[in-house]
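This is what each chain is made of:
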Amino acid sequence: MITLGEYIVKNQAEYPNASGELTSLLSSIRRAAKVVNREINRAGLVTDIIGGSNGSENVQGETQQKLDVFANDMFKAALEARGEVCGIASEEEDHFVAFDDKRQCNAKYVVLMDPLDGSSNIDVNVSVGTIFSIYRRISEPGEPVNIEDFLQPGVNQVAAGYVVYGSSTMLVYTTGHGVHGFTYDPTLGSFCLSHENIRIPEQGSIYSINEGNYIKFPEGVKKYLKFCQEKDADTRRPYTSRYIGSLVSDFHRNMLKGGIYIYPSGTSNPNGKLRLLYECNPLAFMAEQAGGKATDGFRRIMEIKPTELHQRTPYFVGSSKMVDKAGELMAQYSSQD
Ligand code: P6P
């Protein structure tokens, strides 16, 4: 058995020019994930302190859960503590946060995160997740960090990952050399390697989408759902619908079993619901590293040049053949939208 910390250090040894800063950064995320995991596991017991909503809204206009704010503060503090990160952007922060400490201004990395995705599920004990994305800054060390450091296309990511707080808690990440999963062992207080080199099957039979929005879907999505519900040519069976309402959980299952997650545009939300920078890009990086694909129905997600910190995008992510098929139908029927 090898812990996450040992694995990161072992892998760093394979990159002699690595300065160890990314190693230390990933360790900061690991530590914060343990603290958030502990609080999630007891949320039902201390609802007055940690469960439920805090009565405010985030920049998206979504009701903030107390754990949203707690998780945001934990990850922000952990990332600021060690000096590798010069600033962060978060779903829970209206603007990016520059770490002003003198030591931090010379730091090499910026981190974008959704500290607790799907948090409205906490009160009903459904899995939730943390998503993070790491870039090298564009501004010079010593300069103040600026918005351009955060508005980078996904292809510039140096690392990305998620924590899924589920039946067990897992941290899954990539630094561009495959996708590796670590399961938390509370008796040891460590994340232990459990899924090395995750590969997403190129074809799956699970689709994840909120069919309650069907009438608002683009015609190409409606045609894809019809394709999923007909008998598959090989298996002679229709696909299975699985939608947890927690992106990280649906994504993680599809990574291991094969499948596609779709959050398309709709008449009420022309760009869909999910955020490009701290939800779609990090998961797209991981999907591609595992042999899968991620698009907005037409374009590779990681090639989109961001213009706003909280911008949204339609999202199709998962098994390569399933994303390709959905893309074919989106192209074929786009004129009917
Ligand atoms: P809907 C959670 O708010 C989230 O961002 C994802 O985790 C989840 O897949 C999606 O939104 C659920 O959205 O509109 O289907 O309830």
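Residues numbered from 1 in each chain as written. Predicted model: local features only at pLDDT ≥ 70, side-chain atom pairs only at ≥ 80, totals over all residues. Heavy atoms only, no water.

## Some details on the pattern of salt bridges
The tally for this structure, following the rule as stated, stands at 15 salt bridges. For Lys-321, the salt bridge is made with Glu-202, and the minimal N-O distance between the two is 3.3 Å. Here the residue Lys-321 occupies a position in helix α8 (residues 320–333), and Glu-202 occupies one in the loop between β10 (190–195) and β11 (206–208), the gap between them amounting to 119 residues. Residue class for Glu-202 comes out partly exposed when judged on its relative accessible area of 45%. In this structure, the salt-bridge partner of Glu-303 is Arg-300, at a minimum N-O distance of 3.0 Å. Residue Glu-303 is classed as exposed on the basis of its relative accessible area, which comes to 54%. Among the charged side chains, a network of salt bridges with common partners joins Arg-38, Glu-39 and Arg-42. (Salt bridge = Lys/Arg side-chain N within 4 Å of Asp/Glu carboxyl O. Helix = DSSP H or I, 4+ residues; strand = E, 2+ residues; numbered from the N terminus. Buried < 20%, exposed > 50% of the residue type's maximum accessible area, 1.4 Å probe, protein only.)

## A look at the site of the ligand
In the neighbourhood of the ligand, the contacting residues comprise Asp-117, Gly-118, Asn-210, Tyr-243, Gly-245, Ser-246, Leu-247, Tyr-261, Tyr-263, Lys-273, Leu-274 and Glu-279. One of the side-chain nitrogen or oxygen atoms of Tyr-243 is found 2.6 Å away from an oxygen atom of the ligand. In this structure, Lys-273 approaches the ligand through a side-chain N or O atom, which is 2.9 Å from an oxygen atom. Grouping the amino acids of the shell around the ligand by side-chain chemistry returns five nonpolar, four polar and three charged. (Near = heavy atom within 4 Å. Polar contact = N/O pair within 3.5 Å; in protein donor to acceptor, adjacent residues only side chain to side chain. Nonpolar A, V, L, I, M, F, W, Y, C, P; charged D, E, K, R; others polar.)

## Notes on the nonpolar core
Ranked by size, the top nonpolar core spans 38 residues in total, and within it Leu-25, Leu-79, Leu-116, Ile-134, Tyr-165 and Tyr-173 carry the most contacts. For this core, the leading source of residues is helix α2 (residues 21–41), giving eight residues. When residues no more than four places from it in sequence are discounted, the contact partners of Ile-134 are Leu-22, Leu-25, Leu-26, Ile-29, Tyr-109, Val-110, Val-111, Gln-157, Val-158 and Ala-159. Ala-160, Leu-276, Leu-283 and Ala-290 belong to the second-largest nonpolar core, a separate cluster that totals 30 residues. (Core = buried A, V, L, I, M, F, W, Y, C linked by side-chain atoms within 4.5 Å. Contact = heavy atoms within 4.5 Å.)

## Observations regarding unusual backbone geometry
Even without glycine at this site, Asn-125 takes up a positive phi of about 60°. Position of Asn-125 among the secondary structure elements: in the loop between β5 (109–117) and β6 (128–136). Phi at Asn-197 takes a positive value of approximately 55°, unusual for a residue other than glycine. Looking at where Asn-197 falls in the secondary structure, it is placed in the loop between β10 and β11. For Asn-197, a relative accessible area of 45% puts it in the partly exposed group.

## A closer look at the side chain of Glu-39
Among the secondary structure elements, Glu-39 is positioned in helix α2. At a separation of 2.8 Å, a polar atom in the side chain of Glu-39 contacts the side chain of Arg-42.

## Re the state of the cysteines
Applying the stated criterion to the full structure yields zero disulfides. Just so you know, Cys-105 is unpaired, no disulfide at all, and the nearest cysteine sulfur is the one on Cys-86, 7.9 Å from it. For Cys-105, a relative accessible area of 22% corresponds to the partly exposed category. (Disulfide = S-S within 2.5 Å.)

## A few points about the UniProt feature "binding site: substrate" (unreviewed entry) in the protein
UniProt marks Asp-117, Gly-118, Ser-119, Ser-120, Asn-210, Tyr-243 and Lys-273 with the feature "binding site: substrate" (unreviewed entry), using the numbering shown here. Along the polypeptide, Asn-210 turns up in the loop between β11 and α5 (219–229). For Asn-210, the residues in contact, after removing those within four places along its chain, are Phe-217 and Tyr-243. Looking at Asn-210, its side chain comes within polar contact range of the main-chain nitrogen of Gly-212, at 2.9 Å. Take Lys-273: it is sitting in the loop between β13 (260–263) and α7 (276–289). (UniProt positions renumbered as here; feature names shortened; annotations may be inferred.)

## Observations concerning the side chain of Ser-208
Along the chain, the position of Ser-208 falls in strand β11. Those residues in contact with Ser-208 that lie beyond four places of it in its chain are Arg-242, Tyr-243, Asp-250, Arg-253, Asn-254, Ile-260, Tyr-261 and Ile-262.

## Comments concerning the sheet that holds strand β14 (residues 293–295)
Within the open sheet, the five strands sit side by side as β12-β11-β13-β15-β14. Their pairing is mixed. Sheet topology places β12 (240–241) and β14 at the edges, where each strand pairs with a single neighbour. Sheet analysis places β11 next to β12, joined by two bridges and oriented parallel. In the strand pairing of β12, Tyr-207 is matched with Ser-241. Helix-sheet contacts for α5 involve β11, β13 and β15 (315–318), and the interaxial angle to β11 is about 150°. α7 rests against β14 and β15 of the sheet, and its axis sits at about 30° to β15. (Pairing = 2+ DSSP bridges. Axes fitted to C-alpha atoms, helices over the stretch in contact; angles between N-to-C directions.)

## Focus: the sheet that holds strand β7 (residues 159–165)
Taken in spatial order, the eight strands line up as β4-β3-β5-β6-β7-β8-β9-β10 in an open sheet, and their pairing is mixed. This sheet does not close on itself; its edge strands, each paired only once, are β4 (97–98) and β10. Direction of pairing for β6 relative to β7: antiparallel, over a ladder of seven bridges. Looking across to β7, one finds that Ser-133 is bridged to Ala-160.

## What to know about the packing of α2 against helix α3 (residues 66–81)
Geometry of a packed helix pair, given as the angle between the helix axes and the separation of the axes. The N-to-C vectors of α2 and α3 enclose an angle of 155°; their axes lie 8 Å apart at closest approach. Between α2 and α3, the angle falls in the class roughly antiparallel. Note on packing geometry: the crossing formed by α2 with α3 is right-handed. Of α3, the residues touching α2 (which contributes Leu-25, Ser-28, Ile-29, Arg-31, Ala-32, Ala-33, Val-35, Val-36, Glu-39 and Ile-40) are Leu-67, Phe-70, Ala-71, Met-74, Phe-75, Ala-78 and Leu-79. (Parallel < 35°, antiparallel > 145°, perpendicular 65-115°, else oblique. Left-handed = near helix turned anticlockwise from the far one by under 90°.)

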